[in-house]
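One letter stands for each residue in the lines below.
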Amino acid sequence: MSVEKKQPPKQCCSNLKLFLVSMSFVYFAKAFQGSYMKSSVTQIERRFDIPSSLIGVIDGSFEIGNLLVIAFVSYFGAKLHRPRLIGAGCVIMAIGSFLTALPHFIQGLYKYETTISHVSQTNVTETILPCLDNGSHPLGDAPHSAETQAECEKVAGSSLWVYVFLGNMLRGIGETPVMPLGLSYLDDFAREENTALYIACIQTIGILGPMFGYMMGSFCAKLYVDIGSVELEAITINHKDSRWVGAWWLGFLVTGTVMILAGIPFWFLPRSMPKQGKSSDEKSDDVQKGEQDNFISTDNSSNTENTEMQDPVTMSALAKDFLPSLRRLFSDTLYLLIIFSGLVQVNGFIGMITFKPKYMEQTYGQSQSKAIFMIGIMNLPAVALGIITGGFVMKRFKLNVLGAAKISIATGFLSFALLLSQYFLHCGNSQVAGLTMSYQGAPEVSYEQQSLISQCNSACACSLKHWDPVCSNNGLTYASPCLAGCKSSTGVGKEMVFHNCTCVSEAGLPAMNHSVVLGQCQRKENCDYMFKIYMGVSVLGAFISACGATPGYIILLRSIRPDLKSLALGMQTLIVRTLGGIPPPIYFGALIDRTCLKWGVKRCGGRGACRLYNADNFRATFLGLIYSLYSLAFILAGVTYNRLAHRHKQQTLQEQAKDPGMGSNGKGSIAIIKCKEDMDRETTI
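In this report, the structure presented in the accompanying data block is examined. Predicted model only: the values in this text are computed from it and were never measured. What you see as residue numbers is a count from 1 along each chain, following the sequence as written. A pLDDT threshold of at least 70 governs which residues receive local features in this predicted model, and a stricter bar of 80 or more applies before side-chain atom pairs are shown or counted, although totals over entire chains, interfaces and linings include all residues. Computation of side-chain values: all heavy atoms of the structure, hydrogens and water removed.

### What to know about the overall build of the chain
Numbering of helices and strands runs from the N terminus, with a helix taken as a DSSP run of H or I at least four residues long and a strand as a DSSP run of E at least two residues long. Along the backbone of the chain there are 21 helices and 9 strands. Under the scheme applied here, a residue whose accessible area is under 20% of the maximum for its type counts as buried, over 50% as exposed, and between as partly exposed, the area being computed with a 1.4 Å probe on protein chains only. A burial count over the chain gives 53% of its 685 residues as buried. Contacts are assigned to residue pairs that have any heavy atoms within 4.5 Å of one another. Expressed as a percentage of contacts within the chain between residues at least 6 apart in sequence, the contacts between residues at least 24 apart total 80%. Accessibility throughout is a Shrake-Rupley quantity obtained with a 1.4 Å probe, and a residue counts as covered only by protein chains that appear here. Only carbon and sulfur atoms are counted for the fraction: they give 61% of the accessible area of the chain, which is about 30600 Å².

This is the structure:
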């Protein structure tokens, strides 16, 4: 009696296309989450009244989270159920987003720095006398009361920013398995010629995440931080003011929810799947094997018990093999060159993308919301198009690893040339009396607070700490109504106007009257035109640079041994994100802080966030750092190409030596000996 062998049921999720779609969605979600964090750093800096160097530490906490677990996740994760590890990472990232938003719900309302007092019971703005002759200003430099000191723990500048630090670190821990395990899983079961296109598709879908992230950041930056809790009519500042704080917390709630949804499919994907292009019989065998090797078995309890008994032995064997594998990986000179080249380039990129909205705000006078929106709607689509273009070129012309290196170097050189031209696209400093201009209207940059005092306001007993800018119709901005020498005011809220300002008449610039209005003056007329040119150059440079992204991945994947692929990707992520993700925001921020002309003041005293930068020094510092790092990266890329060409030549000689037709004249043996000597020499180096 013949017994028909029962075929195992085919899982609906066991196919490469579903994994490709799931990876694309999770790349979108993590990019959406990460880009929103990048777009919110200035809002967080202002909300907690912290300097740029500290916001760099908070931003770098994401990479610290990666550092803690990535080496072990990359190596041991390759031996376990990779899709489910990715799903668990998504849950951790979602928790990190919710933790980041938590401080908003446990701290008090935002009290921005101003010389205009608010009556909380009536929500009506009191009219003040800006210049008090021979008296003391009510909001001068006197020490704060005990009641105000007691509130310091609940207002901006308190230690609640630690929650943001920890939440961002959790996001880094959760993101760890996505790239090394996801890409190695895809490369294991996809055709070799399709890998580049699949990676390009994932990255292209992923780049939609930053587009939505930056647009979300732009939208939230226009909403007041305490929306729904305060009377917006009583707020005397708008979203263009350097004291404005948007609803930064709202976006983290949205990104956390999206991340939970992105992780759901990975819990239903198999541990392994058939190699793309195999016959039906081979697929059936592979599926059955994959089901038997599943990380969590739900069909047979005895198999689970056996697996649990074997786990300690298996993990012990894996641990013993870890250090030898690590030694073999780092003995590869080409791999080290790829790591160092990418590390320096990522340093420049992370520093640039972290402070680019602030650069656009200070150099071209754009609001934070507009700067973030322009990056999301123009730069990021160009990056997406560049990534897919690079992947298409690789597939269309069937380029080998040497061809990929040529594309990577060429695109890097062209994008660097466009970046150099940005140094000459600027609008100069904002015209602020006592900081970038004298009170007589002559250009004069000063970092000393005493320069805010002039003969026209010397009798007003003004506070030098507060930043409450007003604009006169002669185009000159004053740090406060008092420092403008104003004697009276009319109106309430944003419509307040200050009159009889003695410093306006002293400026020597054409003015219709001696009144000023709240807010900083607009930049020069040609600044908007200069900003349009800057955006055009920036978009073109982003497209060209992104064309080399996919070839860069191919160089890494094709330059290492197959059994070390997951470990190599993981260590590359570990090193680049640790040394390329943590330090740049810190040292970029610290050097940018040195260009600050006017620091804000906290309610409890002490230095807060910067309100005004020396735009010329900001540009020189910011772009100078990027130029230095990209130049070094370009030199290392050239050395990497030479080493890659040398290895490619060795492999060609080895293939020729294996050809029997070459053995008649002895050239094959000579080639083999030469190749062995070269390989031994390279290993020794």
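### What about unusual backbone geometry?
The phi dihedral of Asp 49 is positive, around 50 degrees, even though this residue is not glycine. Of note, the phi angle at Asn 500 is positive, near 55 degrees, even though the residue is not glycine. Looking at the element boundaries, Asn 500 is found in the loop between strand S6 (497-499) and helix H15 (502-506).

### Concerning the packing of aromatic side chains
Centre distance within 6.5 Å is the pairing criterion for rings of Phe, Tyr and Trp, where only the six-membered ring of Trp is used; planes under 30 degrees apart are then read as stacked, over 60 as edge-to-face, and the remainder as tilted. On inspection of all chains with the given rule, the structure shows 28 aromatic pairs. Centre to centre, the rings of Tyr 359 and Tyr 364 are 6.3 Å apart; their planes meet at 85 degrees, and the pair counts as edge-to-face. Comparing Tyr 359 with Tyr 364 shows no difference in burial state: the two are buried. Distance and angle both matter: a charge sits over a ring if NZ of Lys or CZ of Arg is within 6 Å of the ring centre and within 35 degrees of the ring normal. Note that Lys 30 overlies the ring of Tyr 27, its terminal NZ or CZ placed 4.6 Å from the centroid.

### Describing the state of the cysteines
Here, two cysteine sulfur atoms that lie within 2.5 Å of each other are counted as a disulfide. Scanning the entire structure with this criterion turns up 6 disulfides. The disulfide that involves Cys 427 links it to Cys 527, with 2.1 Å between the sulfurs. Its torsion about the S-S bond being 100 degrees, the disulfide of Cys 427 and Cys 527 is classed as right-handed. Linking Cys 427 in the loop between helix H14 (401-421) and strand S3 (470-472) with Cys 527 in helix H16 (residues 527-546), this pair joins segments that are 100 residues apart in sequence.

### Let's talk about the sheet that holds strand S4 (residues 477-478)
If you trace the 5 strands from one edge of the open sheet to the other, you get S4-S3-S7-S6-S5, paired in antiparallel fashion. A single partner strand is all that each edge strand has here, and the edge strands are S4 and strand S5 (488-490). Between any two strands, at least two bridges found by DSSP are needed for them to pair. Pairing geometry for S3 and S4, over 2 bridges, is antiparallel. By the bridge assignment for S4, Val 470 is matched with Tyr 478.

### Overview of the pairing of strand S8 (residues 596-601)
By the criterion of burial, S8 is predominantly enclosed, with 6 of the 6 residues buried. Summarising the sheet, S8 and strand S9 (residues 607-613) pair through 4 bridges and their orientation is antiparallel. Of the residues in S9, the one forming a bridge with Val 601 is Arg 607.

### Quick word on helix H18 (residues 565-581)
Relative to the 24 Å expected for 17 residues at 1.5 Å per residue, H18 spans 22 Å between its end C-alpha atoms, a close match to the ideal helical length. The buried fraction of H18 is high, at 15 of 17 residues. One less than the number of residues in a helix, times 1.5 Å, gives the span that helix is expected to have.

### Things to note about the nonpolar core
Most often, soluble globular proteins keep nonpolar side chains buried together rather than apart. Take the buried Ala, Val, Leu, Ile, Met, Phe, Trp, Tyr and Cys residues and link them wherever side-chain atoms come within 4.5 Å; each set so joined is a nonpolar core. By size, the foremost hydrophobic cluster in this structure holds 125 residues, and its most contacted members are Met 23, Trp 248, Tyr 364 and Phe 622. If sequence neighbours within four positions are ignored, Tyr 364 has contacts with Tyr 359, Leu 425, His 426, Cys 427, Arg 523, Cys 527, Met 530, Phe 531 and Tyr 534. Cys 456, Trp 467, Phe 498 and Val 504 belong to the second largest nonpolar core, which has 30 residues in total.

### What about the environment of Cys 90?
With respect to the element layout, Cys 90 can be found in helix H4 (residues 82-106). As a C-alpha pair, Cys 90 and Arg 171 span 81 residues in sequence and 8.6 Å in three-dimensional space. Look past the residues within four positions of Cys 90 in its chain and what remains in contact with it is Val 26, Gly 174, Met 259, Ala 262 and Gly 263.

### Quick look at the packing of helix H13 (residues 368-396) against helix H17 (residues 549-558)
As a packed pair, H13 and H17 sit with axes 7 Å apart at the nearest point and diverge in direction by 55 degrees. On the basis of the axis angle, H13 is oblique to H17. Touching Ile 387, Gly 390, Gly 391 and Met 394 of H13 are Ala 549, Thr 550, Pro 551 and Ile 554, all from H17. Residues were grouped as follows: Ala, Val, Leu, Ile, Met, Phe, Trp, Tyr, Cys and Pro as nonpolar; Asp, Glu, Lys and Arg as charged; and all remaining residues, including Gly, as polar. Its residues placed into classes, the contact of H13 with H17 shows 5 nonpolar, 3 polar and no charged. Here an angle of 0 to 180 degrees is reported between the N-to-C directions of two axes, which are lines fitted to C-alpha atoms, with helices fitted over the stretch in contact. Orientation labels follow simple angle bins: below 35 degrees gives roughly parallel, above 145 gives roughly antiparallel, 65 to 115 gives roughly perpendicular, and whatever is left gives oblique.

### Quick look at the side chain of Asp 593
Among the secondary structure elements, Asp 593 is positioned in helix H19 (residues 583-593). Within polar-contact distance, the side chain of Asp 593 engages the side chain of Ser 52 at 3.3 Å. We define a polar contact as two N or O atoms separated by no more than 3.5 Å, with the added condition that, inside protein, one atom must be a possible hydrogen donor and the other a possible acceptor, whereas residues neighbouring each other in sequence contribute only through side-chain atom pairs. At 3.2 Å, the side chain of Asp 593 forms a polar contact with the backbone nitrogen of Ser 53. Not counting chain neighbours up to four residues away, the residues in contact with Asp 593 comprise Pro 51, Ser 52, Ser 53, Trp 599 and Tyr 613.

### Examining the packing of helix H1 (residues 16-39) against helix H9 (residues 248-263)
In the contact formed by H1 and H9, the axes pass within 9 Å of each other and the chain directions differ by 165 degrees. The angle between the axes of H1 and H9 places the two elements in the roughly antiparallel class. Considering the relative orientation of H1 and H9, their crossing is left-handed. The segment H1 lies against H9, with Phe 25, Val 26, Phe 28, Ala 29, Lys 30, Phe 32, Gln 33, Tyr 36 and Met 37 engaging Trp 248, Trp 249, Gly 251, Phe 252, Val 254, Thr 255, Gly 256, Val 258, Met 259, Leu 261 and Ala 262. Of the residues belonging to the contact of H1 with H9, the class tally is 15 nonpolar, 4 polar and 1 charged. By definition, any crossing whose near helix is turned counterclockwise from its far helix by less than a right angle is left-handed, and any crossing with a clockwise turn is right-handed.

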